[in-house]
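Chain by chain, the residues:
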Amino acid sequence: MLIFPPSNGAVKGVEREPRVSECELQRSSKVRGRFAFFTSLCTALQPFGNRFSREQAHELAATKRCQPSLTLRLKLCQRRPTTFGGCQFMRALPLFALLVLSLSGCRGGSSSSVPEQAKSQVWGSKGPKLGQFKGPRAIVAAKDGFVYVADRASRVSKWTRDGKCVLNWMAPVVHNGRFEGPEGITDLPDGDIAVTNTHASRVLIYSPQGKLKSQFGSYGTGRGQFLLVTGICADSDGNIYCADYGGTFDRISKWTKSGKLLASWPGHGEGPRQFRRPCGLAFSKAGDLLVADIGNHRVQILDKNTGAYKGQFSVRGRENGQMTYPYGVAVDKEGFIYTVEYSLHRIQKWSSDGKKWLATWGTPGRLPGQLANPWGLTVDENANIYIADTNNDRVQKFHF
């Protein structure tokens, strides 16, 4: 676990999962296959006196690197190998197998891990032009039929549901000409779009045409203020809910569209209604507020009127039904809950109460159906999932 400051250095001591390298993205999806190979190899070698454990097999699989110039440090059997026909045949055999594997390198990948019924559609590429992104973070499938995306370059882009970009506009620049990158976006019942101007500690209200209509918030921990404001959502009455954090301060707050503070629920820690960097927000089928509690690796359930703790789901882990750094949460019209994990590059689907894991989609990588540190997600009325595939500089759309 590492501690990273925000991009502009405004607040220190904020936990953030590090990005992974290009090599690691491709390598992590192959380690499991290599592990199975080496386990079989070690089993076959045991009659000849080379007794490898499963742990040694896993290390052999994991220590293979992309760069051919790196030395492979292999922990083979400590005992002297059995000779065969006057030569150390059994010592050479595993090394020969490793040589064969090393010739495959780290290039390319396979999309076979993506179920046939969940192939994705890719939108955009990296760049400054219309239809391009620089690290998309926040995304919403609005009720007007368009999808709105906010990226690290402080751009908000408007897309048709079939992947055509029709409009870009810029959120305000904050610190000495540096773009701050909004981390939250939602649509309001009247059709306007609300964006969290994260490092400026405020919320911006835009028309669907990109005209700035109003804003509220300022920097601080007092009532009516934000530190780093991240996630945002709105209920059917037009009330706006925001998450903000900074150091040892975390909070969920409730506002009117005009910027009047209605409620504030601060809490830092690991207990009920305590947070460690809250981010994505959504409403459950029952009308409760769901909070992606990044640093606690869970989703918390709060009463949207009182802020009372009503439960949570998931624990930290890498298995299905567990989470590691969930950045976003969304709910479809049937009530199914979807979460996105920045660290594990995947989407999970849950029952409407979060108690039952249903499905997982995504693997680390650059190909369609693979993800690189995804940040946000949204669901439309047809249960299509749209993912801000952040470090791939694109959006992916798919259906479970």
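Residues numbered from 1 in each chain as written. Predicted model: local features only at pLDDT ≥ 70, side-chain atom pairs only at ≥ 80, totals over all residues. Heavy atoms only, no water.

Let's talk about the pattern of salt bridges
Two side chains of opposite charge can pair, provided their charged atoms sit close to one another. Worth spelling out the cut-off: Salt bridges are defined by distance alone: a side-chain nitrogen of Lys or Arg within 4 Å of a carboxyl oxygen of Asp or Glu. Where helices and strands are cited, they refer to DSSP runs of H or I of at least four residues and of E of at least two residues respectively, numbered from the N terminus. We call a residue buried when its accessible area falls under 20% of the maximum for its residue type, exposed when it is over 50%, and partly exposed in between, using a 1.4 Å probe and counting protein chains only.
One pass over the full model with this rule turns up 15 salt bridges. Here Asp-380 makes a salt bridge to Arg-161, at a shortest N to O gap of 3.6 Å. Separated by 219 residues along the polypeptide, Asp-380 in the loop between strand S24 (376-379) and strand S25 (385-389) and Arg-161 in the loop between strand S4 (155-160) and strand S5 (165-170) bring together distant segments of the chain. Judged by its relative accessible area of 16%, Arg-161 falls in the buried class. In this structure, Glu-341 and Arg-346 form a salt bridge, with 2.8 Å as the shortest nitrogen-oxygen distance. Taking relative accessible area as the criterion, Arg-346 reaches 6% and is therefore assigned buried. Taken together, the shared-partner salt bridges connect Asp-190, Asp-192, Lys-213 and Lys-257 into one network.

What about the pairing of strand S13 (residues 261-266)?
To keep it simple, the criterion reads: Two strands qualify as a pair provided that DSSP identifies no fewer than 2 bridges between them.
Examined bridge by bridge, strand S12 (residues 249-255) and S13 share five bridges and lie antiparallel to one another. By the bridge assignment, Lys-254 is partnered in S13 with Ala-263. Counting the residues in the hairpin turn of S12 and S13 gives five residues, including Gly-259, whose phi is positive at 100 degrees.

Let's talk about the sheet that holds S5
Worth spelling out the cut-off: To get an axis, fit a line to the C-alpha atoms, keeping to the stretch in contact for a helix; angles then go from 0 to 180 degrees between the N-to-C directions.
The strand order S2-S3-S4-S5 describes an open sheet built from four strands, whose pairing is antiparallel. Bordering the open sheet on either side are strand S2 (136-141) and S5, each of which pairs with just one other strand. On average, each strand axis in the sheet is tilted by 20 degrees relative to the strand beside it, whichever way the strands run. Two strands pair when backbone bridges link them, and S2 and strand S3 (residues 146-151) are joined in this way by five bridges, in the antiparallel orientation. What sits directly across from Ala-141, in S3, is Val-147.

Remarks on the environment of Asn-296
Note the cut-off: Contacts are residue-level and defined by heavy atoms, with any inter-residue pair within 4.5 Å sufficient. Whenever a nitrogen or oxygen atom comes within 3.5 Å of another N or O atom, the pair is scored as a polar contact, on the condition that within protein one atom can donate a hydrogen and the other can accept it, and that pairs from neighbouring residues in sequence are kept only if both atoms are in side chains.
Within the fold, Asn-296 resides in the loop between strand S15 (289-293) and strand S16 (298-302). Taking relative accessible area as the criterion, Asn-296 reaches 13% and is therefore assigned buried. It is 9.3 Å that separates the C-alpha atoms of Asn-296 and Gly-271, two residues lying 25 residues apart in sequence. Beyond its immediate chain neighbours, meaning those up to four positions away, Asn-296 contacts Gly-269, Glu-270, Gln-274, Phe-275 and Arg-276. A distance of 2.9 Å separates a polar atom in the side chain of Asn-296 from the backbone oxygen of Gly-269. A polar contact is formed between the side chain of Asn-296 and the side chain of Asp-293, at a distance of 2.8 Å.

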